[in-house]
Amino acid sequence: MKFFIDTANLEAIKEIKAMGMCDGVTTNPSLMAKEGRTDTDALLREICDVVQGPVSGEVTTLKADEMIAQARQLVKISEYIVIKIPATYEGLLAISALASEGIAVNATLVFSVSQALLVAKAGAAYVSPFVGRLDDVSEDGMNLIEEIITVYGNYGYDTEVIVASVRHPLHVVESALLGADVATIPPQVIKKLIAHPLTDKGLAGFMADWEKLQGGAR
Ligand code: G3P
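Residues numbered from 1 in each chain as written. Predicted model: local features only at pLDDT ≥ 70, side-chain atom pairs only at ≥ 80, totals over all residues. Heavy atoms only, no water.

**Quick notes on the overall build of the chain**
Spelled out, the test is: Secondary structure elements are taken from DSSP: a helix is a run of H or I of four residues or more, a strand is a run of E of two residues or more, and numbering for both begins at the N terminus. Accessible area is worked out with a 1.4 Å probe on protein chains only. A residue is then buried under 20% of its type maximum, exposed over 50%, and partly exposed in between. Residue contacts follow a heavy-atom distance rule, with two residues in contact if any of their heavy atoms lie within 4.5 Å. Method for areas: the Shrake-Rupley scheme with a 1.4 Å probe, in which residue coverage is limited to the protein chains shown. Positive charges are assigned to Lys and Arg, negative charges to Asp and Glu, while His and the chain termini are left out of the count. Charge coordinates come from a single atom per side chain, which is NZ of Lys, CZ of Arg, CG of Asp or CD of Glu.
Helices and strands together make up the secondary structure of the chain, namely 11 helices and eight strands. Here the C-alpha coordinates of the chain stretch approximately 75 × 40 × 30 Å along the principal axes. Counting over 218 residues, the chain shows a buried share of 42%. Considering only contacts within the chain whose residues lie at least 6 apart along the sequence, 56% involve residues at least 24 apart. Surface exposure of the chain reaches about 11200 Å², of which carbon and sulfur atoms provide 56%. Measuring between centres, the 18 positive side-chain charges of the chain sit 5 Å from its 28 negative side-chain charges.

Laid out in structure tokens, this is it:
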């Protein structure tokens, strides 16, 4: 399973890239706003230079023709840019047009199988169902992932499923068990994935015993 990092924070991206855990990055307008930089194209370029893999940048317009125009500008930033388009009626028109131009689209804000089916038919390269936000309203986000994977498998769609709005390690583990193509993970969750109290406890014991041995040898 590919790990994308769900952040626009360059330092976090560099750190996780050094861990070998960064196959790509996803941003959205809220994540970009958190960085407080108004030179958003420059920030996306810097992220692409570090990642050297797919980097999603989102359109900030609502009409199809505006989304298409903005996407055409965004792809000039880097060969790695993927255009995030919301799964709306206008978004679908934009996805269809951009896909026919060979522009990679990540259909975002997906909350239903029907949305996932339509964006795949429109030619989206990626679909981003938001599991955490479904869990927030008492719906089972991971169940949606399972259903989308089933539907895409039924018809051989090559749209890659990005599990998005990941909130905790179990979302990542369940994504891998279901065979999702990608999980886009916040940096703090990536670090939680490696942590285990028994590893820390075991290591403390090994270090203490080793110290004792060195002391006895003197
Ligand atoms: O990838 C989408 C993600 O950024 C949304 O996450 O935690 O705001 O629901 P969240």
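**Description of helix α10 (residues 187-194)**
The test is simple: Within this analysis, the arc is defined by the directions that extend from the helix axis to the C-beta atoms.
Among all positions of α10, only Pro 187, Val 189 and Ile 190 are buried. Along the long axis of α10, the arc covered by the buried residues comes to 160 degrees, so they all point the same way. Packed against the buried residues of α10 are β1 (2-6), α1 (10-18), α9 (169-178) and β8 (182-185).

**Some remarks on the site of the ligand**
Stated formally: Nearness is defined per residue: one heavy atom within 4 Å of the molecule or strand is enough. We call two N or O atoms a polar contact when they sit within 3.5 Å, provided that within protein one can donate a hydrogen and the other can accept it, with sequence-adjacent residues counted only if both atoms are side-chain atoms. When residue character is reported, Ala, Val, Leu, Ile, Met, Phe, Trp, Tyr, Cys and Pro are called nonpolar, Asp, Glu, Lys and Arg charged, and the others, Gly included, polar.
All residues adjacent to the ligand are Asp 6, Asn 28, Leu 31, Phe 130, Arg 133, Ala 164, Ser 165, Arg 167 and Thr 184. At a separation of 2.7 Å, an oxygen atom of the ligand approaches a polar side-chain atom of Asp 6. Here an oxygen atom of the ligand sits 2.7 Å away from a polar atom, N or O, in the side chain of Ser 165. Its residues placed into classes, the shell around the ligand shows three nonpolar, three polar and three charged.

**What about the nonpolar core?**
How we decide: Here the nonpolar core consists of buried residues drawn from Ala, Val, Leu, Ile, Met, Phe, Trp, Tyr and Cys, with membership extended through side-chain atoms lying within 4.5 Å.
Counting residues in hydrophobic clusters, the biggest one holds 55 residues, and the most contacted among them are Ile 47, Ile 85 and Tyr 152. Within the second largest apolar cluster, five residues are counted, among which are Phe 4, Val 82, Tyr 126 and Ile 162.

**Quick notes on the side chain of His 171**
Along the polypeptide, His 171 turns up in helix α9. For His 171, a relative accessible area of 2% puts it in the buried group. Looking at His 171, its side chain comes within polar contact range of the side chain of Asp 135, at 2.8 Å.

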